[in-house]
Amino acid sequence: MRSLDDIREEYEFLDGDERYRLLIELGRELEPMPDALKTDATLVRGCSASVWVYPVQQAEAGLHFLADSNAAITKGIVALVLAAVQDRPATEVAQTDIAERLAPFDLKNQLSSNRTQGVPNMIALVREHAARLVAG
């Protein structure tokens, strides 16, 4: 997965349609999420599309997330959220202000409101998973 800084550098040089294409490409780059993990427990509430996020604790690599969506651009947005925290220690993920890290992408002004309405819920779910792991 590309770093959020690398994605932002590319994103800043693109216009609207090219930004959509980049988001779609980021979504395609997510590693496949097994269908068995796409359950009610991993479903992100409040998204216009179906979005699933599943945490995998890896001893040395940190907290790794698998994610998927049934909508291409939404899947790209999920990839952006994950790029902010992927493979970081759970304590760091729980404390990261993901919304602030995504602010340079100005998603609310770049995308329609129904595409971004679930972003806070995606962020909350990622941070909650991390906080649960930290708490033991």
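Structural notes, computed from the coordinates. (Residues numbered from 1 in each chain as written. Predicted model: local features only at pLDDT ≥ 70, side-chain atom pairs only at ≥ 80, totals over all residues. Heavy atoms only, no water.)

Some thoughts on the layout of surface pockets
Using a probe with the size of a water molecule, rolled over the atoms, empty space left in the structure can be pinpointed.
(1) Moving on: Here the largest pocket is characterised by a volume of approximately 180 Å³.
(2) Moving on: Within the residue set of the lining of the largest pocket, elements represented by two or more residues are α5 (98-102), α6 (107-110) and α8 (119-135).
(3) Moving on: Looking at the lining of the largest pocket, the element that brings in the most residues is α8, giving 3 residues.
(4) Moving on: Grouping the amino acids of the lining of the largest pocket by side-chain chemistry returns 7 nonpolar, 1 polar and 2 charged. (1 Å grid on protein atoms, 1.4 Å probe; cavity = no way out; pocket = protein on both sides within 12 Å on 5 of 7 lines; lining within 4 Å. Points joined across faces, edges and corners; volume = space filled by probe spheres on them. Helix = DSSP H or I, 4+ residues; strand = E, 2+ residues; numbered from the N terminus. Nonpolar A, V, L, I, M, F, W, Y, C, P; charged D, E, K, R; others polar.)

Focus on the pattern of salt bridges
(1) Moving on: Summed over all chains, the structure comprises 10 salt bridges.
(2) Moving on: Of the charged contacts in the structure, one is a salt bridge between K38 and D68, with a shortest N-O distance of 2.5 Å. Separated by 30 residues along the polypeptide, K38 in the loop between α2 (16-29) and β1 (51-58) and D68 in strand β2 (residues 62-69) bring together distant segments of the chain.
(3) Moving on: By relative accessible area, which is 23% here, K38 ends up partly exposed.
(4) Moving on: Sharing partners across several salt bridges, the network here consists of R2, E10, E25 and E29. (Salt bridge = Lys/Arg side-chain N within 4 Å of Asp/Glu carboxyl O. Buried < 20%, exposed > 50% of the residue type's maximum accessible area, 1.4 Å probe, protein only.)

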